Amino acid sequence: MPHSLRETIAAFRRAPLLVMLSAMAIGLSLFVAGLFGLTAHNLQRALVRIEERVEVVAYLKDSVAQSDVEAARARLRALPEVAAVQYVSKDDALAAAMRDLPDFQDVFRDLDSNPLPASLEVRLRPGFRTSAGVEAVAQRLRAYAFVDDVRFGREWVDKIVSIRRIIAAGVSIIGGAFAAVAAIVIATAVRIAVSARREEISIMRLVGATAGFIQRPFLLEGLITGLLGGGIAAGLTYAAYRIIDQSLYRLEWLPSWWMVAGIAVGAAFGFLSSAVAVRRHLRAV
Amino acid sequence: MIKLNNVSKVYPRSGPALKDVSLHLEKGEFAFLTGHSGAGKSTILRLIQMAERPTSGEVLVSGYSSTRIKAREIPLLRRKLGVIFQDFRLLRDRTVEENVAFALEVTGAKRSAISPRVGRLLAHVGLAPKARALPDELSGGERQRVAVARALVNNPLVLLADEPTGNLDEAATYGIFELFQEINAMGMSVLMATHDMSLLRAYPHYRVIEMAQGSVTNDSAAQLEEHRG
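Quick caveat: nothing in here was measured; it's all calculated off a predicted structure. (Residues numbered from 1 in each chain as written. Chains lettered and ligands numbered in written order. Predicted model: local features only at pLDDT ≥ 70, side-chain atom pairs only at ≥ 80, totals over all residues. Heavy atoms only, no water.)

A few words on the overall build of chain B. Helix and strand counts for chain B stand at eight helices and ten strands. Relative to the compact-globule value of 17 Å for 229 residues, chain B shows a C-alpha radius of gyration of 18 Å, a close match. Projected onto its principal axes, the C-alpha positions of chain B cover 50 × 40 × 35 Å. For chain B, buried positions account for 52% of its 229 residues. Residue pairs in contact within chain B that sit at least 24 positions apart in sequence constitute 70% of those at least 6 positions apart. (Helix = DSSP H or I, 4+ residues; strand = E, 2+ residues; numbered from the N terminus. Rg over C-alpha atoms; globule rule 2.2 N^0.38 Å. Buried < 20%, exposed > 50% of the residue type's maximum accessible area, 1.4 Å probe, protein only. Contact = heavy atoms within 4.5 Å.)

Structural data, given as structure tokens:
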């Protein structure tokens, strides 16, 4: 067995609690990131579905003449932003409402007159499903005298984007705090390991060990601790996914390369934290 | 081999440790470095190992200069030096043979090459039967022999010994010293710092470099030169 691996195993034996603590701290900080990933990934999917349906709805005044509506439809369809224009009559709207809200069927049936307006549903082409594209089409619709009101999902899209931003900020803060704790715990672990091996290190230097040779066991220890942390984070994230998926919302599990990347980040973090700490503490030996 | 040219060393806290010291130790030479504690003996040995750099002047060891050596070259220099201390500096949780093998392992030597070499050296210092013992189970003299074996394992050019007999009784002292003589007879230079006057008196034909308060006050080799000159 190579020297550095033997020394790393010895270090794990010497202070298993400290290694677990370091791994837990890395694991928790990555778990926070994992939860964010899970949320962001599923929000993203929801956003894509919503974007596919992005449409502008113009509610029409009851007084509108059918010929005006047809003329408007033809002109709208000629616009480059527009994929399709669907006319929904008052009766269609009522039928749809009765279908979508079965609990209120009796209410709708008892009505003397149909309170729902007719509407034009404008679906946009893929490149124009943005706030600006939606706004442009809405502007045109508002110009028609027979259009009573224009609704579109822009506010909703913007809201989802800003929710995602708030979550990202929260994750940066909480994840960053856990990462700082992880770095401190790792530095402590390295300091304890260096001082436990103080004598050995001074003899290593005496007999001509290179700095790399002396540092290698510590770096390997950091790397393995980070891998453990990454594994813990992956496990916690998966557990959270299962719990949420089964009790709250249907979620989609993260792509597997995200998991690999997360564990790699943990390993890199453990390695770098050890590298910084070991340089600092070896100077004092 | 080893050359100190007008070397001074000043420590920021404790002040000057060496003042304008010039020395030359040739290949295969044996020299005592003597003087009271605080005279600068250990500082000279540390400068030769490049554990410290001189404040002024230059230390030359086997082609490396203290003014030019790079940090990554220092381990390579150390492999050409065997160093022995008063307090042995053995790893207590490792056996005698592991302690000796350690010095080879850290240089990246092959496992297959380590074991026979360690065995030969332990036989040479007379500790072959105790290869599996831990340092705490050995006498002081035996521990110092382990340290000597470790110092020799990389085939150094020079043996540097800092008060190697300071913790030993008379019999062990002479035992270790005879070992040094054998090593020197094989062509290795030996620089031994000691304040054991009885040892110096017992071997009067060796070069003695006397130091006091950071300066060389007497060098028997220089006297010889003058005598010849």
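Moving on, we get to the side chain of B:T194. Residues and elements named next belong to chain B. Within the secondary structure, T194 is located in strand β8 (residues 189-194). Assessed through its relative accessible area of 0%, T194 is described here as buried. Polar side-chain contacts of T194 include one of 3.0 Å to the backbone nitrogen of D196. Here T194 is in contact with F32, L33, T34, G35, K41, E163, T165 and L200, once residues within four sequence places are set aside. (Polar contact = N/O pair within 3.5 Å; in protein donor to acceptor, adjacent residues only side chain to side chain.)

The subject of this paragraph is the interface of chain B and chain A. Interface extent is often summarised as the accessible area lost during association of the parts. Opposite the 18 residues of chain B that make contact, chain A presents 14 residues. Buried surface at the junction of chain B and chain A, summed over both partners, amounts to about 1,400 Å²; 61% is from carbon and sulfur atoms. At the boundary of chain B and chain A, one finds one salt bridge. Close ionic contact of B:R94 with A:E200 constitutes a salt bridge, the shortest N to O distance being 3.1 Å. The interface formed by chain B and chain A includes three residue pairs in polar contact (both at pLDDT 80 or more). Every element with two or more residues in the side of chain B that touches chain A is listed here: α2 (74-78), β6 (81-85) and α3 (96-105) of chain B. (Buried area = accessible area lost by both parts, 1.4 Å probe. Salt bridge = Lys/Arg side-chain N within 4 Å of Asp/Glu carboxyl O.)

We now examine the sheet that holds strand β1 (residues 55-60) of chain A. Sheet strands associate in pairs through backbone hydrogen bonding, adopting either a parallel or an antiparallel arrangement. Residue and element names in this part refer to chain A. Strands sit in the order β2-β3-β1-β4 across an open sheet of four strands; the sheet is antiparallel. Taken across any chain shown, the strands that pair with only one partner, and hence form the sheet edges, are β2 (82-88) and β4 (147-152). The sheet shows a mean angle of 20° between the axes of neighbouring strands, direction not considered. Across the sheet, helix α3 (residues 66-77) is in contact with β1, β2 and β3 (119-124); its angle to β2 comes to roughly 165°. This element, helix α6 (residues 131-142), spans β1, β2, β3 and β4 of the sheet and lies at about 170° to β4. (Pairing = 2+ DSSP bridges. Axes fitted to C-alpha atoms, helices over the stretch in contact; angles between N-to-C directions.)

For the rest of this paragraph, the subject is the packing of aromatic side chains. All names here are of chain B. Under the defined criterion, the tally for this structure stands at 14 aromatic pairs over all chains. With a centroid separation of 5.5 Å and 70° between ring planes, the pair formed by F30 and F32 is classed as edge-to-face. Overall, F30 belongs to the buried group, its relative accessible area being 5%. (Phe/Tyr/Trp six-rings, centres within 6.5 Å; stacked < 30°, edge-to-face > 60°.)

This part takes up unusual backbone geometry. All names here are of chain B. Even without a glycine there, the phi angle at D20 is positive, about 50°. By the element assignment, D20 lies in strand β2 (residues 15-25). Residues other than glycine seldom take positive phi values, yet N155 does so here, at roughly 55°. In this fold, N155 is placed in the loop between α5 (140-152) and β7 (158-162). Among the residues examined, N155 registers a relative accessible area of 56% and is labelled exposed.

Another aspect to go through is the pattern of salt bridges. Evaluated as defined, the whole model comprises 17 salt bridges over all chains. Here B:K41 ties to B:E163 by a salt bridge, and the two come within 3.7 Å at their closest N and O atoms. Residue B:K41 is found in helix α1 (residues 41-48), and its partner B:E163 is found in the loop between β7 and α6 (170-185); the two are separated by 122 residues along the sequence. A salt bridge links B:E105 to B:R111, with the shortest nitrogen-to-oxygen separation between them at 3.3 Å. Through salt bridges that share partners, A:R197, A:E200 and B:R94 make up one connected network.

To continue, consider the nonpolar core. Core analysis: the biggest nonpolar cluster contains 70 residues, and B:F32, B:L122, B:L159 and B:F180 have the highest contact counts within it. Residues in contact with B:F180, not counting those within four places in the same chain, are B:F30, B:I84, B:V148, B:L159, B:A161, B:P164, B:V190 and B:M192. Judged by nonpolar contacts, the second largest core, of 31 residues, contains A:L206, B:A39, B:I48 and B:L191. (Core = buried A, V, L, I, M, F, W, Y, C linked by side-chain atoms within 4.5 Å.)

Turning our attention to a nonpolar patch on the surface. All names here are of chain A. Nonpolar side chains collect at one region of the surface, where L223, L227, F271 and L272 lie side by side and expose about 330 Å² of accessible area between them. Put simply, the parts of the chain that give the nonpolar patch at least two residues each are α9 (211-247) and α10 (256-283). Its location among the elements puts L223 in helix α9. Judged by relative accessible area, L223 falls into the partly exposed class, the value being 31%. (Patch = residues over 30% accessible without salt bridge, like charges linked within 9 Å, V, L, I, M, F, W, Y side chains within 5 Å. Areas by Shrake-Rupley, 256 points an atom, 1.4 Å probe, with all protein chains shown as cover.)

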